[in-house]
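For reference, the chains in residue letters:
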Amino acid sequence: MPAGIVSHPRHNDPVTAEPRPWLAPSASGPVSSTVRLPGSKSMTARALVLSALAVGPSVIERPLRARDTELMAAGLRALGTTLDTSAGERWVVEPGPLRGPARVDVGLAGTIMRFLPPVAGLAEGTVEFDGDPHARNRPLRPIVEALRSLGVSIDASAAGGLPLTVHGAGLVSGGEAVIDASASSQFVSGLLLSAPRFAKGLVLRHEGPPVPSAPHLRMTTHMLRAAGASVDESVPDVWAVEAGELAGRTWVIEPDLSGAAPFFAAAMVTGGAVTLGGWPAESWQPVGRLTELLTGLGAEVTQSGDGLTVRGTGSLHGITADLSEVSELTPVLAALAALADGPSELRGVAHIRGHETDRITALATELGKAGAEVTEFPDGLRIEPRPLHGAEFETYADHRMAHAAAVIGLAVRGISLTDVACTSKTLPEFPELWAGLVARS
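The model shown is predicted, which means the values in this text are computed figures rather than measured ones.

A. View of the overall build of the protein. The helix and strand inventory of the protein stands at 12 helices and 23 strands. Relative to the compact-globule value of 22 Å for 441 residues, the protein shows a C-alpha radius of gyration of 21 Å, a close match. The dimensions of the protein, computed from C-alpha atoms along their principal axes, are 60 × 45 × 40 Å. At a minimum sequence separation of 6, the contacts of the protein that also span at least 24 residues come to 74%. Total accessible area on the protein stands at roughly 15,800 Å², and carbon and sulfur atoms take up 50% of it. Treating the 35 positive side-chain charges of the protein as one cloud and the 47 negative ones as another, the clouds have centres 2 Å apart.

Here you go:
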């Protein structure tokens, strides 16, 4: 595939597809390419929910079409929203009366299991939620209890999560709620996105250890305001959203920064340069923090009219970093750390034990298989680089684990992935894009 070209995504369910081992290609020299990636999963998910709750139609330009966002769209359709996704680069959303009965398949997506139950509370009728087997292990109790405190009737599993049934009454009274969102910022985002439609709005207070992934919370409040909501976050750990109408609008989705991380890593590992085309001058994603981390590891990062460019300098250095704000980057950064010239400590990510898999233990196990010396902490990892060798990486149906393995494979021959199809969660064309990038090295 020529540089800068992206194929049309193909839906590939990593749970039902037959897993096939995939040999990660090794680079023979520096990679040099411009990649154009689909839109941000986080922005697409928020735009879909806000559009479904608006008073008029919306357009979502350059959305991500992948398993998570297709399941989100299907869930909103089941609740009464009209969604035309036939044009890949331009989705049209027509809000409709929210109603059940409906069933929502969350797959393995935290955004769906945490963003749509509040929407279901606004529906007339019963809405059932379930998903992939591991989805039942992902934390959900805090948002369930917060919704109950706001008057929503919910049946949940004994663990407080999936399978879940929301008995929608057509309205949520709203008011004040307290939540411990230390396991996921999505608990807060899920409640805030629907809060303008609550009769009394919402004053939400977090009580507990710090909320991770603060940039995702800022994205939520920015997008709420862009849709016309009144949001006050001037008091730490308190969010106040006034009741009111959300306006339909055009959302232009930025390229996915987390999805770009393995491609940037390829430039760093091979001493090449990769440009993420279409990057906006002003972003709602944590590009500043990514720049700090990649620079610390040895990269040069620049932004121009061509996009966001990462250049390898020929060296990878160990870092000590708190990744609590950018935890999605942990697997790729851990892979870079395993290839660095000194030890690294990546901390502040205890909550990623509740992601698609327990990413801390999974990274320790799989990097260890390839020869790295890894110490596991409750909230992160210490990685001591050692000579690495070929190994089979278990991907745990986790797209980010697949990305980490692919990065290791650039420098180490014989790295195979048990299932690369899990990358369809956020980037269905990853195997082809990655192979094309390496082929041009």
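B. How the structure looks around the pattern of salt bridges. Scanning all chains against the criterion turns up 23 salt bridges. Residues arginine 347 and glutamate 345 are paired through a salt bridge, measuring 3.2 Å at the closest nitrogen-oxygen approach. Taking relative accessible area as the criterion, arginine 347 reaches 27% and is therefore assigned partly exposed. Notably, a salt bridge pairs lysine 369 with glutamate 366, separated by 3.0 Å at the nearest N-O pair. Residue lysine 369 and its partner glutamate 366 are located together in helix H10 (residues 359-369), separated by three residues, close to a single helical turn.

C. View of the sheet that holds strand S7 (residues 124-130). Strand order in this open sheet of four strands is S6-S7-S9-S8, and the pairing throughout is mixed. Only two strands of the sheet have a single neighbouring strand rather than two, namely strand S6 (102-105) and strand S8 (153-155). With direction set aside, neighbouring strand axes in the sheet form an average angle of 20°. Alignment of S8 against strand S9 (residues 164-169), held across three bridges, turns out to be antiparallel. Among the inter-strand pairings, aspartate 155 is bridged to a residue of S9, identified as threonine 165.

D. The arrangement of the packing of helix H2 (residues 67-78) against helix H3 (residues 110-121) in detail. Contact geometry for H2 and H3: axes closest at 9 Å, N-to-C directions at 25°. Viewed along their axes, H2 and H3 adopt a mutual orientation that is roughly parallel. In the crossing of H2 with H3, the sense of the turn from one axis to the other is right-handed. Here Asp68, Leu71, Met72, Gly75 and Leu76 of H2 come into contact with H3, specifically with Thr111, Ile112, Phe115 and Leu116. For the contact of H2 with H3, a count of residues per class yields six nonpolar, two polar and one charged.

E. Spotlight on the nonpolar core. Counting residues in hydrophobic clusters, the biggest one holds 73 residues, and the most contacted among them are Phe263, Phe264, Leu294, Leu333, Leu336, Ile415 and Trp434. Ranked by residue count, the leading element in this core is helix H7 (residues 257-270), at nine residues. The residues contacting leucine 294, other than those within four sequence positions of it, are Phe264, Met268, Ala299, Val301, Val310, Leu333 and Leu336. Core analysis: the second largest hydrophobic core is formed by 72 residues, Ala123, Leu147, Leu162 and Val172 among them.

F. How the structure looks around the packing of aromatic side chains. If you walk through the whole model with that rule in mind, you get three aromatic pairs. When the ring of phenylalanine 263 is compared with that of phenylalanine 430, the centres are 5.9 Å apart and the planes differ by 70°; the resulting orientation is edge-to-face. Taken together, the positions of phenylalanine 263 in helix H7 and phenylalanine 430 in helix H12 (residues 430-439) put the pair 167 residues apart, joining distant regions of the chain. Here the aromatic rings of phenylalanine 263 and tryptophan 434 are separated by 5.5 Å at their centres, their planes lie at 65°, and the arrangement is edge-to-face. Of this pair, phenylalanine 263 sits in helix H7 while tryptophan 434 sits in helix H12; the two residues are 171 residues apart in sequence, bridging distant segments of the chain. Taken together through their ring pairs, the aromatic side chains of Phe263, Phe430 and Trp434 make up a single cluster. The lysine or arginine in question, arginine 249, covers the ring of tryptophan 251, its NZ or CZ lying 4.3 Å from the ring centre. Against the face of phenylalanine 377 rests arginine 347, its NZ or CZ located 3.9 Å from the ring centre.

G. Up close: the pairing of S7. Note: S6 against S7, four bridges, orientation parallel. In the strand pairing of S7, alanine 102 is matched with valine 127. Remark: the S6/H3/S7 crossover connection has right-handed handedness. In the sheet, S7 pairs with S9 via six bridges, with the strands oriented antiparallel. What sits directly across from glutamate 124, in S9, is alanine 169.

H. Molecular detail of the side chain of threonine 69. Along the chain, threonine 69 turns up in helix H2. In this structure the side chain of threonine 69 is engaged in a polar contact, spanning 3.0 Å, whose partner is the backbone nitrogen of alanine 66.

I. View of the sheet that holds strand S19 (residues 344-347). The strand order across the open sheet formed by four strands is S18-S19-S21-S20, and the pairing between neighbours is mixed. The two strands at the open ends of the sheet, each matched to only one other strand, are strand S18 (320-322) and strand S20 (373-377). On average, each strand axis in the sheet is inclined to that of its neighbour by 10°, with strand direction left out of account. Sheet analysis places S18 next to S19, joined by three bridges and oriented parallel. Looking at S19, one finds that alanine 321 is bridged to leucine 346. Strands in contact with H10 are S20 and strand S21 (380-384); relative to S20, the strand with the most contacts, it is inclined by about 165°.

J. Representation of empty space enclosed by the protein. The final tally for this structure, using the stated rule, is four cavities of 30 Å³ or more. For the largest cavity, the lining is made up of 36 residues, of which Lys41, Ser42, Gln186, His216 and Glu328 are closest to its centre. When contributions to the lining of the largest cavity are tallied by element, the ones reaching two or more residues are helix H1 (41-52), H3, helix H6 (214-226) and H7. For the lining of the largest cavity, the element with the highest residue contribution is H3, accounting for four residues. Taken together, the residues of the lining of the largest cavity sort by class into 11 nonpolar, 15 polar and 10 charged.

Definitions and limits used
- Residues numbered from 1 in each chain as written.
- Predicted model: local features only at pLDDT ≥ 70, side-chain atom pairs only at ≥ 80, totals over all residues.
- Heavy atoms only, no water.
- Helix = DSSP H or I, 4+ residues; strand = E, 2+ residues; numbered from the N terminus.
- Rg over C-alpha atoms; globule rule 2.2 N^0.38 Å.
- Contact = heavy atoms within 4.5 Å.
- Areas by Shrake-Rupley, 256 points an atom, 1.4 Å probe, with all protein chains shown as cover.
- Lys, Arg positive; Asp, Glu negative; His and termini not counted.
- Charge placed at Lys NZ, Arg CZ, Asp CG, Glu CD.
- Salt bridge = Lys/Arg side-chain N within 4 Å of Asp/Glu carboxyl O.
- Buried < 20%, exposed > 50% of the residue type's maximum accessible area, 1.4 Å probe, protein only.
- Pairing = 2+ DSSP bridges.
- Axes fitted to C-alpha atoms, helices over the stretch in contact; angles between N-to-C directions.
- Parallel < 35°, antiparallel > 145°, perpendicular 65-115°, else oblique.
- Left-handed = near helix turned anticlockwise from the far one by under 90°.
- Nonpolar A, V, L, I, M, F, W, Y, C, P; charged D, E, K, R; others polar.
- Core = buried A, V, L, I, M, F, W, Y, C linked by side-chain atoms within 4.5 Å.
- Phe/Tyr/Trp six-rings, centres within 6.5 Å; stacked < 30°, edge-to-face > 60°.
- Lys NZ or Arg CZ within 6 Å of the ring centre and 35° of its normal.
- Right-handed = clockwise from strand over helix to strand, strands pointing away.
- Polar contact = N/O pair within 3.5 Å; in protein donor to acceptor, adjacent residues only side chain to side chain.
- 1 Å grid on protein atoms, 1.4 Å probe; cavity = no way out; pocket = protein on both sides within 12 Å on 5 of 7 lines; lining within 4 Å.
- Points joined across faces, edges and corners; volume = space filled by probe spheres on them.

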